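Architecture at a glance
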Amino acid sequence: MSVIESTSAANATQERFTISEVAALTGLSAHTLRWYERIGLMPHIDRSHTGQRRFTRRDLDWLGFVGKLRLTGMSVADMVRYAELVRAGDHTHDARRELLETTRRDVRARIAELQDTLAVLDLKIGYYSNRTPTCGEAPS
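Let us look at the structure shown here. Predicted model only: the values in this text are computed from it and were never measured. The residue numbers shown here count from 1 along each chain, following its written sequence. With the structure being a predicted model, the display of local features is reserved for residues of pLDDT at least 70 and the display and counting of side-chain atom pairs for 80 or more, all residues being used for whole-chain, interface and lining totals. Calculation of side-chain values draws on the structure's entire complement of heavy atoms; hydrogens and water are dropped beforehand.

This part covers the overall build of the chain. In terms of helices and strands, the chain carries six helices and two strands. Secondary structure elements are defined from DSSP: runs of H or I of at least 4 residues count as helices, runs of E of at least 2 residues count as strands, and each element is numbered from the N terminus. Listed by position from the N terminus, the elements making up the chain come as α-α-α-β-β-α-α-α. The burial tally for the chain puts 24% of its 140 residues in the buried class. Contacts in the chain between residues far apart in sequence, at least 24 positions, make up 50% of those at least 6 positions apart. Burial classes follow relative accessibility: with a 1.4 Å probe on protein chains only, a residue under 20% of its type's maximum area counts as buried, one over 50% as exposed, and anything between as partly exposed. Two residues form a contact once any of their heavy atoms are found within 4.5 Å.

This is the structure we're talking about:
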């Protein structure tokens, strides 16, 4: 590895982001990021000598994962519980897996409900696409 490559690699691992930069990158508000930290959903965020939060790439990756958990419909309490398990260490793998498996079951059930709903919508769209309404007809 050349000096330039090793310097670039070191800079990539040392790259830090302000809360406003993270807000812009993630679409989360600074208020939400502070709240995530306060409730324990985020790991400890480093601070600059002036007290400004300095997020890392790892923090951004974690926020991306949290965003996916939010999309599953997982409760904030369960997300915080998952974060606590992660911080507790490798001996919590089984508990983390169980929490994620429960969430996966919930997501699969929601997908099935949405597929049923989509089928009903497709039927209605097909119905309206294949007929010409008559004057004074009540909608169905």
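Put simply, helix H4 (residues 57-72) and helix H6 (residues 93-129) touch, their axes get as near as 10 Å, and they point 50° apart. Taken together, H4 and H6 sit at an angle that is classed as oblique. Residues Phe65, Leu69, Leu71 and Thr72 of H4 form the contact with H6, whose participating residues are Leu100, Thr103, Val107 and Arg110. Classification used: nonpolar for Ala, Val, Leu, Ile, Met, Phe, Trp, Tyr, Cys and Pro, charged for Asp, Glu, Lys and Arg, polar for all others including Gly. A breakdown of the residues in the contact of H4 with H6 according to their chemical character gives five nonpolar, two polar and one charged. Think of each axis as a best-fit line through the C-alpha atoms, taken over the contacting stretch in the case of a helix, with angles from 0 to 180 degrees between the N-to-C directions. Angles below 35 degrees are treated as roughly parallel, those above 145 as roughly antiparallel, those between 65 and 115 as roughly perpendicular, and all remaining angles as oblique.

Before going further, it helps to spend a moment on the environment of Thr103. Within the element layout of this structure, Thr103 appears in helix H6. A relative accessible area of 10% places Thr103 in the buried class. Between the C-alpha atom of Thr103 and that of Thr72, which follows or precedes it by 31 residues, the distance is 7.0 Å. The residues touching Thr103, leaving out its near neighbours within four places in the chain, are Thr72 and Met74.

On to H6. Any helix carries an expected span of 1.5 Å times its number of residues minus one. Spanning 37 residues, H6 covers 52 Å between terminal C-alpha atoms, matching the ideal 54 Å at 1.5 Å per step. Inspection of H6 places Arg96, Leu99 and Thr103 among the buried residues, and these make up the whole buried set. Next to the buried residues of H6 lie H4 and helix H5 (76-88).

Next up on the list: the packing of aromatic side chains. In this analysis, rings of Phe, Tyr and Trp, with Trp reduced to its six-membered ring, are considered paired at centre separations within 6.5 Å, and the interplanar angle assigns stacked below 30 degrees, edge-to-face beyond 60, and tilted for intermediate values. Taken as a whole and judged by the stated rule, the model has five aromatic pairs. Each ring, one from Trp62 and one from Tyr82, has its centre 6.2 Å from the other, and the planes form 15°; the classification is stacked. Here Trp62 is found in helix H4, whereas its partner Tyr82 is found in helix H5, with 20 residues between them in sequence. Each member of the pair Trp62 and Tyr82 is classed as buried. Taken together, a centroid distance of 5.6 Å and an interplanar angle of 45° make the contact between Phe65 and Tyr82 tilted. You can see Phe65 sitting in helix H4 and its partner Tyr82 sitting in helix H5, a full 17 residues away along the chain. Aromatic rings pair up to connect Trp62, Phe65 and Tyr82 into one cluster.

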